[in-house]
Amino acid sequence: MTGRPRVDASTRRRRVDASARDGDVRDRAVTPIVSKTLEIGLVVLFVGGLSTALFAGAVPDYRDAAADRVADRSLAGAATEIENAVPPRAASVRVERSVDLPATIRGSGYRIVAVDGRVRLDHPNPSVDGSLRLALPERVASVSGTWRSGAETVIAVAGEDGRLSIRLVSR
Amino acid sequence: MTRSAPRRSDPSSDRGQANLAALVVALIVLTATVGVTLGLAEGALAGADRQPADRRAAVASAERLIAADSPVTRRENVLNASALDSLSPERLVTLAPPLRDAAFVVRIDGRSVVERGDPTDGVSFRRIALVSSAEERTRTVAADGAVTLPRRTDSVRLEFNGADVETVRANGRIVLHRPGGLRGAETVSVSRSETLTISFDANATGTVTVTSTPERTRKTTLEVRVDA
C-alpha cells in the first residue's frame with residue numbers, strides 16, 4: 001500500500017512531469033486517509049477482540065471461581081455454626097442462635113439445606129455448589145430445615161437429652 | 001524537480017508506516033499488559049484459597065476427638081492413652097463424618113496415631129490436650145492401721161479375704177459397712193479431687209488388699225491433618 005506512490009512516481013516521472021506531480025499530490029492526499037482508516041480498523045478490531053475475550057471468557061470464569069470460593073467458605077462457616085450450637089448435656093434444652101450468611105453469592109440468592117447429616121448449598125448458577133458432612137455428637141437425632149439467604153437465619157436446637165433436633169430456620 | 005517528487009512522497013509514506021508500527025506496538029504492549037493482569041488475578045485467586053472444607057474437617061474432627069462423649073477420652077480434653085492405641089480409621093470416621101472420603105492423619109506429639117492415605121497437601125489443625133494413662137496399683141494393708149494413697153484415684157477396690165473388717169472409711173466418711181464382717185471384694189467410687197486416706201474400724205484384724213487406679217496425665221499437642 002505504501003509502495004504505490006513510489007511505483008507511480010518512478011514510472012511516470014520521465015514522461016509527464018506535471019501529471020507525475022498531480023498523481024503524487026493525489027496519492028499524498030490519499031495516504032493519510034488510508035493510514036487513518038487502517039489505524040481505526042485495527043483499533044476497533046483490537047478492542048472488539050479483547051472485549052470478547054474478556055467478557056465472554058475470562059471474566060465469567062473468574063466470577064464463577066470467586067463465587068465458588070465464597071460458597072465454600074459460607075458453607076464451611078454454616079456447618080461450624082451448626083456444630084457449635086449443640087449445647088452441653090442437659091435434661092431438656094431449647095437454644096436459638098442467629099447466624100450470619102452472605103446475602104448473595106455472584107449476585108443472586110441461594111439456599112442452604114440440611115439433609116441426612118449433611119448441609120448442601122443450592123445456587124441458581126450450576127458452577128456454584130457444595131456439600132459437607134456434619135460432625136455432631138450422638139445425642140443429636142436429626143438435622144433438618146432450610147436457610148434462605150437474605151432472610152434472618154437462625155439455628156433452633158430443642159429436645160430432651162439424647163434426642164436433640166436441630167432445625168435451620170429462616171424468618 | 002523530478003528528483004524532489006519521490007523524495008517528498010517518501011517522508012509521507014514513512015510517516016504512515018511509522019504511525020501504523022507505533023500503533024501495532026502499542027496494541028501488543030496493551031495485550032501483554034492484559035495478559036499480565038490476568039496472570040496476577042489468577043495468582044491472587046489461587047492465593048486466596050484457604051481450603052475451608054479441609055480446615056473445617058480438621059477442626060471439627062479435633063473437637064469430636066476431645067469431646068467428653070468421645071470414645072477416646074476420659075473427660076473433656078483428656079485423651080485416654082489405651083483407647084487411643086486401639087483407635088482405627090473406621091471408628092474415627094464414624095466419630096467424625098467429615099473425614100469420610102478424605103486422607104487424614106492424627107498425631108499426638110508428632111507420633112502418628114491414626115492414618116489413612118497421604119494428606120501432605122492438606123490443612124492441619126493443632127491444639128493442646130492431655131493424655132492420661134491409668135494403671136492399677138495394688139498394696140496390702142494391715143487392717144488395724146490406715147493407708148493414704150499416694151496418688152489420687154477415682155475408684156478403689158478392696159478385697160477382704162483373710163481379714164475381719166466391719167467398716168471402711170474414706171477420709172473419715174463411712175463407705176462400706178457390714179455388721180457380720182465384709183466378704184469378698186468391693187469397689188468404692190471416690191472423689192478424684194482429694195487425697196484419699198482409707199481407714200478401718202477399731203476392731204479390724206488381718207490384711208486387706210487395696211487396688212487403686214491412679215491416673216497420670218501429660219500435656220500433648222493433638223494434630224489433625226486432613227486432605228479431602
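Remember, it's a predicted structure, so these values are computed and weren't measured experimentally.

## Focus: the domain arrangement of chain B
Stage number 1. In terms of domain boundaries, chain B breaks down into domain 1 (52-133 + 218-227) and domain 2 (137-212).
Stage number 2. Between the C-alpha centres of domain 1 of chain B and domain 2 of chain B there is a distance of 39 Å.

## A few points about the nonpolar core
Generally speaking, soluble globular proteins have nonpolar side chains that are buried together.
Stage number 1. Within the largest apolar cluster, 30 residues are counted, with the highest numbers of intra-cluster contacts made by Ile 82, Ile 112, Val 119, Trp 147, Ile 155 and Ile 166 of chain A.
Stage number 2. Of all the secondary structure elements, the ones that give two or more residues to this core are helix H2 (17-84), strand E1 (92-99), strand E2 (111-115), strand E3 (118-122), strand E5 (140-148), strand E6 (153-160) and strand E7 (164-170) of chain A.
Stage number 3. Here this core gets 7 residues from one element, more than from any other, and that element is H2 of chain A.
Stage number 4. Leave out the neighbours within four places in its chain, and Ile 112 of chain A touches Leu 75, Ala 78, Leu 101, Val 119, Arg 120, Leu 121, Gly 145, Thr 146, Trp 147 and Leu 168 of chain A.
Stage number 5. Counting residues in each nonpolar core, the second largest holds 26 residues, with Ala 58, Leu 65, Ile 66 and Leu 87 of chain B among its members.

## What about the sheet that holds strand E4 (residues 130-133) of chain A?
Strand pairing in a sheet relies on backbone hydrogen bonds. The paired strands run either parallel or antiparallel.
Residue and element names in this part refer to chain A.
Stage number 1. The strand order across the open sheet built from 7 strands is E1-E6-E7-E5-E2-E3-E4, with neighbouring strands paired in mixed fashion. In this open sheet, the two strands that pair with only one neighbour each are E1 and E4. Geometrically, the sheet is characterised by an average inter-axis angle of 15° between neighbouring strands, direction not taken into account.
Stage number 2. Of the pairings in the sheet, the one linking E2 to E5 comprises 3 bridges and is antiparallel in character. When the bridges of E5 are listed, Val 113 appears paired with Thr 146.

## Comments concerning the side chain of Ser 170 of chain A
Residues and elements named next belong to chain A.
Stage number 1. As for its placement among the helices and strands, Ser 170 is situated in strand E7.
Stage number 2. A polar contact is formed between the side chain of Ser 170 and the backbone oxygen of Thr 146, at a distance of 3.3 Å.
Stage number 3. At 3.5 Å, the side chain of Ser 170 and the backbone nitrogen of Arg 148 are in polar contact.
Stage number 4. Not counting the four nearest positions on each side in its chain, Ser 170 is found in contact with Thr 146, Trp 147, Arg 148, Ala 151, Glu 152 and Thr 153.

Rules used throughout
- Starting afresh in each chain, residues are numbered from 1 along the sequence in its written order.
- Following the order in which they are written, the chains are lettered starting with A and the ligands numbered starting with 1.
- Reporting of local features is limited, given that this is a predicted model, to residues whose pLDDT is at least 70; pairs of side-chain atoms are given and counted only at 80 or more, and all residues count toward the totals for whole chains, interfaces and linings.
- Water and hydrogen atoms were dropped before computing side-chain values, which therefore reflect all heavy atoms in the structure.
- An automatic or database domain assignment supplies the start and end points of every domain.
- Nine residue types can take part in a nonpolar core, namely buried Ala, Val, Leu, Ile, Met, Phe, Trp, Tyr and Cys, and a core is a set of them joined through side-chain atoms within 4.5 Å.
- Relative accessibility under 20% of the residue-type maximum defines a buried residue, over 50% an exposed one, and the middle range a partly exposed one, all with a 1.4 Å probe and only protein chains included.
- Numbering of helices and strands starts at the N terminus; helices are DSSP runs of H or I of at least 4 residues and strands are runs of E of at least 2.
- For this analysis, residues touch if any pair of their heavy atoms sits within 4.5 Å.
- At least two DSSP bridges between two strands are required for those strands to pair.
- All axes are obtained by fitting lines to C-alpha atoms, using only the stretch in contact for helices, and the reported angles, taken between N-to-C directions, cover 0 to 180 degrees.
- Throughout this description, a polar contact denotes any pair of N or O atoms lying within 3.5 Å of each other; where both atoms belong to protein, one of them has to be capable of donating a hydrogen while the other can accept it, and for residues adjacent in sequence the pair is counted only when both atoms sit in side chains.

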